[in-house]
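# An overview of the molecular structure
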Amino acid sequence: MSDVNGRELSSLPPLARLSRALFTALARGESAELTLADLDDEFAERIAAADSPRAAGRAYRRQLIRSLVPAMRDARADRRRRAARFGIGASLDRDRAHALREALQDARYAVRSFASSPGPTAVVLVTLALGIGANTAVFSVVNGVLLRPLPYPDPDRLVVLATRDTQDGDTYTVSPLNFVDWSEMNETLEATYAWTSTILTITDGDRREQVEAGDVSPGFLDVLGVTPILGRGFLPDELGPGSPAVALLSHGFWERRYGADPGVPGSVIELDGRPYEIIGVAPPGLEMPLARTEKDLWVTPRDDWAAEARDQVYLSALGRLKPNVSLARAQEDLSAVHARLRAAYPNETIDTGVAVVPLKSEAVGDVRLALVVVLGAVAFLLLLACANVANLFLARAAGRGTELGVRTALGAGRGRLTRQLLTESTVVALVAGALGVVVGWGGLRLLIALAPDDLPRVASATLDPTVLAFSTLATIVTGVLFGAVPALYATRRDPVRMLRGTGRGQVGGHGLRRLREGLVVAEIASAVVLVVGAGLLARSFGAMLSVDPGFDESNLVLAEIHVPQDRYPEREQRAEFYRGLMEALEASPAVVAAGGAWNAPMNGAVANTGLQLEGEPRPEPGQAPLAEFRIATGGYFDALRIPVLAGRSFLPSDTRDQPRRVVVSRLLAEEMWPGENPVGRRVSLNILETDGAPLWHEVVGVVGDVRLNGLDDPERGVIYLAYSQLAQPWITVTARTLGDPAENAAAVRDAILAFEPLVPNPEITTMSGRVAETLAARRFYLTLLGAFAAIALVLASVGTYGVLAYAVSSRTNEIGVRVAFGASRRRILGQVLIEGMRVAGLGVAIGLLGAWLLSRTLRSLVYGVSVGDPVTYVGVAVLLVVAALLACVVPASRAASVEPLDALRYE
């Protein structure tokens, strides 16, 4: 590709090329050529200055758009001057005025024509409004989640830093020491920060309140490009032991707790018994990227990162690229840094690398494919609606044969008739589009209400100008789609043949019937694709519901509590607190069994550790077998009804002064001690080793396997540590109740607060509710596709009925003659049914093929079934055939009931 002066512009991104082509087409003339030459020079200079083609292309495209209107105005002035020079300006103005009068005349005629038949017009408007509204609502979500930039300055420069497993390519969190070295040794990042979520307790006398907090390194605000509205941000030396304890408040927390007091900076807030100086207030709407929950405040970590082992990974890390630095350059730079670390610390960095990932793609995660599938589904639905309306317009055009024939005979050309018919379809589409925006607004509100919590940024989706532009484009395209086929077909007919009859069955004949049948085939095929997609998701959902989670979720109340660390600072004190709490809960009349765990099932947490078995050589660095680890009380297994398969669970006597004891899951026992009884064997956990020396734990029991983070989560080996020996400041209480857990939740809360009134805000949920949350995303997408499939099924059935009803009506005379000559009513009924089922069968066959080809995109969305699942395909085929058969019955019965004398008098 070359500019007007012959310079090569092949490095222009595709959107910039398209914008340049449109600019050239719309704005011709000397002024436009000069504008292009200037922009081409600027683009070449940007590329020479090491700016990325993508960034330079965006700037090029924006400037083209800004220059388009002035350039078009100049081009129009040039054309007028040239026209005046040759004396044709007045003629051009007259032609434009005439074309405008014709368009307005056609529009008025269309309004009167459709107003005279309100029933069919209402059907058309509702059909199109549903299709356009569904597309508007879904595109609003897609725009809000996938397309809209992240709410930070220069969001394209934000990247996620992650540890990459060089064996399988998976990425995971970062160790503090690696993060510090990456930050100090790189040459491509302007700023970095690392963080982890935590829960802190505000200790204000006898008042306790839990707050969601983020432990962040000082570069937090620098990376996000944010300035506090009050006070200041974190300083580089505010990290680790000995550094001042400081906190930055979120805007919402500042308003809620402090009443938006501007004098808050400099005051003190006590968190977990430790005073923190409030240094500032963040601006409203500040989101912490990749955080699952909104944060009330941010504090700098109190841990000594230099004392951490390099292979302890638990931090999320982000960075901001320096200007004009590409993602590939940053990846190369950080990879070189990590290679140096691997050479310096081979035992702690084996089989690891670094991944630099755009924040946008990481934030969107796995929802991109699902949303694209849903958007494709509503696009199919709109095409199906267009086919249905096109069929109605074909019938309408066939009935206007005489009118069109007269106009043709009087001199109206094919182009003039085509413009009239397209104007009529566009008027209908515009009205339907306006209704569709209203439907889309309501649909968007419904989607936001139904959306799962893990769908990022969906709450910010709105009908912004981008969505309205999409809706307008969809409306125009819809009007052209369903209006073009009948317009082109009707205007190709011989005017003599049009004038020869009343128009009933005369305009089109056999060709018209074939065209309408083709549209029905397209409708049925589209419906099959949608129903197959919904069927696969439904089968997948059913397969997931049949999965055994490994525990009994019924009647289980969960309470997330945080122990007041100012009252229970030592592990022994916390262990005694938990022991007393479980006894108090089991004494409650509403509770059958009580226990607790750090990271109970279905909370999304992942925590693993390397293992070393006693009597076996120490594994090479990075080669130790991995297991998920949890910390649990003895009553935890009883409360969840996880079976003890061998040995025992934890006892009150398993205290810190006793040998350390663990319980392992069945799968881990089979992996570590195949064919042997693991009870009595000893194992060391890497996370608990001191100075590299094994810390042995005795296996006292084997329990059943549990799905930790969802019914589709694969079973993994789990090792449980005793809470009485490793008591953490927080715990998930698991209480099995008598009867409905929702009704007994208050009793569990009262029992906790009666035992310790200073426990802050116990968050009460149920295990069945938590399991349902893990299924929320699949249920959401299944509901959407199911609704679209149901609408598609109805539209396809209506289309089949309409085509057959019209065919029977247009062939009434023929059917009467055949009956008069002895054709039996059963034969007539059978022939009409065969005709309808032939069309339906062809549509089903094409739809099944299309569904099989497109279903590959659903591979990551289904569970427990194949995307080529024969049960789904056969079931959908039968469903569509039955629906088509039912749609054929009424027209076929009407044909079989035709009386010969009435039919012969019909014409």
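None of the values given here were measured: they were computed from a predicted structure.

## Section: the overall build of the chain
- The helix and strand tally for the chain stands at 26 helices and 22 strands.
- For the chain, the residues scored as buried account for 49% of the 907 residues in total.
- Contacts in the chain between residues at least 24 apart in sequence constitute 80% of all its contacts with a sequence separation of at least 6.

## Description of helix α8 (residues 251-258)
- Of all the residues in α8, the buried ones are H251, F253 and W254. Buried residues of α8, viewed axially, fall in a sector of 165°; they line one side.
- At the C-terminal side of α8, G259 shows a positive phi close to 60°.

## Some remarks on the packing of aromatic side chains
- For the coordinates displayed, the defined rule picks out 14 aromatic pairs.
- Between Y578 and Y723, the ring centres sit 4.9 Å apart and the planes meet at 70°, which makes this aromatic pair edge-to-face. In this pair, Y578 sits in helix α17 (residues 571-586) while Y723 sits in the loop between β20 (718-722) and β21 (730-737), placing the two residues 145 residues apart along the sequence. When sorted by exposure, Y578 lands in the same class as Y723, which is buried.
- The rings of Y568, F577, Y578, Y723 and F755 are connected pair by pair, giving a single aromatic cluster.

## Remarks on the pattern of salt bridges
- According to the stated counting rule, one finds 26 salt bridges in the structure shown.
- D296 is the salt-bridge partner of R256, the closest N and O atoms lying 3.0 Å from each other. One end of the pair, R256, is in helix α8; the other, D296, is in the loop between β8 (274-281) and β9 (297-299), with 40 residues separating them in the sequence.
- Note on R256: relative accessible area 52%, which makes it exposed.
- In this structure, a network of salt bridges that share partners links the residues E628, R630, D713 and R716.

## Section: the pairing of β21
- Of all eight residues making up β21, seven are buried, and the element is well covered by its neighbours.
- Alignment of strand β12 (residues 556-562) against β21, held across seven bridges, turns out to be antiparallel. Across the sheet, the residue bridging to L558 is T734, located in β21.
- Summarising the sheet, strand β13 (residues 591-598) and β21 pair through six bridges and their orientation is antiparallel. By the bridge assignment, G595 is partnered in β21 with T734.

## As for the side chain of T766
- As for its placement among the helices and strands, T766 is situated in strand β22 (residues 763-766).
- A polar atom in the side chain of T766 sits 3.4 Å from the side chain of S768.
- Ignoring sequence-local partners within four residues, the contact set of T766 consists of L556, L558, P741 and A742.

## Section: the nonpolar core
- Ranked by internal contacts, the top residues of the largest apolar core, which has 95 residues, are L371, L455, Y720, Y781, F788 and L880.
- Per-element tally for this core: the top contributor is helix α16 (residues 509-545), with 14 residues.
- I631, L688, V702 and L721 belong to the second-largest nonpolar core, a separate cluster that totals 45 residues.

## Quick notes on the side chain of R574
- Summarising the element assignment, R574 is placed in helix α17.
- Here R574 sits buried without a salt bridge, and the closest side chain of opposite charge, E570, lies 6.9 Å off (N-O distance).
- Here A727 takes part through its backbone oxygen, which lies 3.3 Å from a polar atom of the side chain of R574.
- Excluding its chain neighbours within four sequence positions, the residues that come into contact with R574 are V563, Q565, Y568, P569, A727, Q728 and P729.

Cut-offs and rules
- Residues numbered from 1 in each chain as written.
- Predicted model: local features only at pLDDT ≥ 70, side-chain atom pairs only at ≥ 80, totals over all residues.
- Heavy atoms only, no water.
- Helix = DSSP H or I, 4+ residues; strand = E, 2+ residues; numbered from the N terminus.
- Buried < 20%, exposed > 50% of the residue type's maximum accessible area, 1.4 Å probe, protein only.
- Contact = heavy atoms within 4.5 Å.
- Arc of directions from axis to C-beta.
- Phe/Tyr/Trp six-rings, centres within 6.5 Å; stacked < 30°, edge-to-face > 60°.
- Salt bridge = Lys/Arg side-chain N within 4 Å of Asp/Glu carboxyl O.
- Pairing = 2+ DSSP bridges.
- Polar contact = N/O pair within 3.5 Å; in protein donor to acceptor, adjacent residues only side chain to side chain.
- Core = buried A, V, L, I, M, F, W, Y, C linked by side-chain atoms within 4.5 Å.
- Lys, Arg positive; Asp, Glu negative; His and termini not counted.

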